[in-house]
Amino acid sequence: MEVNRIQKKIRVTSHDLVKYQIMTEVMFFSKEHLIPSDMELLTLLALWGPMELGTFCTQAAKKLNPEMKPEEIAVRAQNVRNRIVKLEKRALVEKSKGGKKMIEITRRIPVAAKGNVLLDYNFLAVEASKA
């Protein structure tokens, strides 16, 4: 059997590395659709680790909208919170049950975000034999 092999090697930021892993796991393997803003929120959550819900919403709003005015922070943070609720309903975000709500990306999405990371995926497409 002859196989055409294509290799690409690139250096990316940790943000792009995490985003690629989430995209591969959720959109490619699980065949679920994600809008760009949800992809960005999941990427930030994976990078920042488990966080208190309110803190995450405020920091994510500031990160995603650096040009916003101080009086817009509450509205933007609420928009982030609304998206997190939708991601939680889809089981992409997990929320703790007690006191201060801690959120994190679901454990069913394996994401390597710390340290030096080399992703090594091997995909093989085999044509059906002609008999």
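This text gives an overview of the structure that appears in the document. (Residues numbered from 1 in each chain as written. Predicted model: local features only at pLDDT ≥ 70, side-chain atom pairs only at ≥ 80, totals over all residues. Heavy atoms only, no water.)

## Some details on the side chain of E40
Among the structural elements, E40 can be located in helix 2 (residues 36-48). Those residues in contact with E40 that sit more than four places away from it in its chain are H15, K19 and L64. (Helix = DSSP H or I, 4+ residues; strand = E, 2+ residues; numbered from the N terminus. Contact = heavy atoms within 4.5 Å.)

## Looking at the packing of aromatic side chains
On inspection of all chains with the given rule, the structure shows seven aromatic pairs. Geometrically, the ring pair formed by F29 and F123 is tilted, given 6.1 Å between the ring centres and 45° between the ring planes. Pair noted here: F29 is in helix 1 (residues 14-29) and F123 is in the segment after strand 3 (102-105), with a separation of 94 residues, a long-range link. Judged by its relative accessible area of 41%, F29 is partly exposed. Where W48 meets F56, the ring centres are 5.6 Å apart and the plane angle is 70°; that geometry is what we call edge-to-face. Overall, the relative accessible area of 31% leaves W48 in the partly exposed class. A residue is classified by how much of its surface remains accessible, and F56, at 0% relative accessible area, is buried. Here the guanidinium or amino end of K31 rests over the ring plane of F28, the centre of that ring lying 4.8 Å away. (Phe/Tyr/Trp six-rings, centres within 6.5 Å; stacked < 30°, edge-to-face > 60°. Buried < 20%, exposed > 50% of the residue type's maximum accessible area, 1.4 Å probe, protein only. Lys NZ or Arg CZ within 6 Å of the ring centre and 35° of its normal.)

## Observations concerning the environment of S129
Take S129: it is sitting in the segment after strand 3. Considering only alpha carbons, one finds S129 and E67, 62 residues apart in sequence, at a separation of 57 Å.

## Let's talk about the packing of helix 2 against helix 3 (residues 53-64)
Packing of helix 2 against helix 3 leaves a shortest axis separation of 11 Å and a crossing angle of 120°. Classified by the angle between their axes, helix 2 and helix 3 sit oblique to one another. As for the relative orientation of helix 2 and helix 3, their crossing is right-handed in sense. Residues E40, L41, L44, L45 and W48 of helix 2 lie in contact with helix 3, whose contacting residues are F56, Q59, A60, K63 and L64. Residues of the contact of helix 2 with helix 3, tallied by class, amount to seven nonpolar, one polar and two charged. (Axes fitted to C-alpha atoms, helices over the stretch in contact; angles between N-to-C directions. Parallel < 35°, antiparallel > 145°, perpendicular 65-115°, else oblique. Left-handed = near helix turned anticlockwise from the far one by under 90°. Nonpolar A, V, L, I, M, F, W, Y, C, P; charged D, E, K, R; others polar.)

## Considerations on the sheet that holds strand 3
Taken in spatial order, the three strands make up an open sheet running 1-3-2, and their pairing is antiparallel. Taken across any chain shown, the strands that pair with only one partner, and hence form the sheet edges, are strand 1 (51-52) and strand 2 (93-95). Two strands pair when backbone bridges link them, and strand 1 and strand 3 are joined in this way by two bridges, in the antiparallel orientation. By the bridge assignment for strand 3, E52 is matched with M102. (Pairing = 2+ DSSP bridges.)

## A short note on the packing of helix 1 against helix 2
Relative orientation of the contacting elements helix 1 and helix 2 amounts to 120°, with a least axis distance of 9 Å. Taken together, the axis directions place helix 1 and helix 2 in an arrangement best described as oblique. The chirality of how helix 1 crosses helix 2 is right-handed. Residue-level contacts link S14, H15, V18, K19, I22, M23 and M27 of helix 1 to M39, E40, L42, T43, L44, A46 and L47 of helix 2. Within the contact of helix 1 with helix 2, the residues separate by chemical class into nine nonpolar, three polar and two charged.

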